[in-house]
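Observations on chain architecture
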Amino acid sequence: MEIIISQNALEWFKESMGLKKGDKVKFFSKIYGSSPVQKNFALGFTQDNDPVDMAVYTEKDGIDFYVETSDVWFFDGHNLHVDYDPNDDELTFIM
């Protein structure tokens, strides 16, 4: 599994969440939602600078984006591509 953050998504994270070098963003599974890879589960994210057990991570401009070992199952072997759609003013997630 790999996490790919586009430059546009990185700028969104920095501007919308006020992230700076040294900060960390955790992607995690949420019950009651939908995703292309897991029925009844959705993808969530939050700033979490205290990871417990990072299984996968990528660093972009000094910011770490990661998934904990306990949530790797959610991705079912797929990579996570995060982009920003300016037309809808929201992040997009492709797995």
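Note that the structure is predicted; figures quoted are calculated from it, not measured.

The rules behind the values
- Residues numbered from 1 in each chain as written.
- Predicted model: local features only at pLDDT ≥ 70, side-chain atom pairs only at ≥ 80, totals over all residues.
- Heavy atoms only, no water.
- Helix = DSSP H or I, 4+ residues; strand = E, 2+ residues; numbered from the N terminus.
- Phe/Tyr/Trp six-rings, centres within 6.5 Å; stacked < 30°, edge-to-face > 60°.
- Buried < 20%, exposed > 50% of the residue type's maximum accessible area, 1.4 Å probe, protein only.

One non-glycine residue with positive phi stands out, namely Asp-61, at about 55°. Structurally, Asp-61 is set in the loop between strand S4 (54–60) and strand S5 (63–68). A positive phi angle is found at Asp-89, which is not glycine, with a value near 55°. Take Asp-89: it is sitting in the loop between strand S6 (80–85) and strand S7 (90–94).

Let's shift gears to the packing of aromatic side chains. Evaluated as defined, the whole model comprises 11 aromatic pairs. Ring centres of Phe-13 and Phe-27 lie 6.4 Å apart, and the angle between their planes is 85°; this geometry places the pair in the edge-to-face category. On the criterion of sequence distance, the pair formed by Phe-13 in helix H1 (residues 7–17) and Phe-27 in strand S2 (residues 24–31) is long-range, its members being 14 residues apart. Residue classification places Phe-27 among the buried residues on the basis of a relative accessible area of 0%. Ring geometry for Phe-27 and Phe-65: centres 6.4 Å apart, planes at 25°, overall stacked. Remark: Phe-65 occurs in strand S5 and Phe-27 occurs in strand S2; sequence separation between them is 38 residues. Across the pair, exposure class does not vary: Phe-27 and Phe-65 are buried alike. A connected cluster of aromatic rings, assembled from ring pairs, spans Trp-12, Phe-13, Phe-27, Phe-45, Phe-65 and Phe-93.

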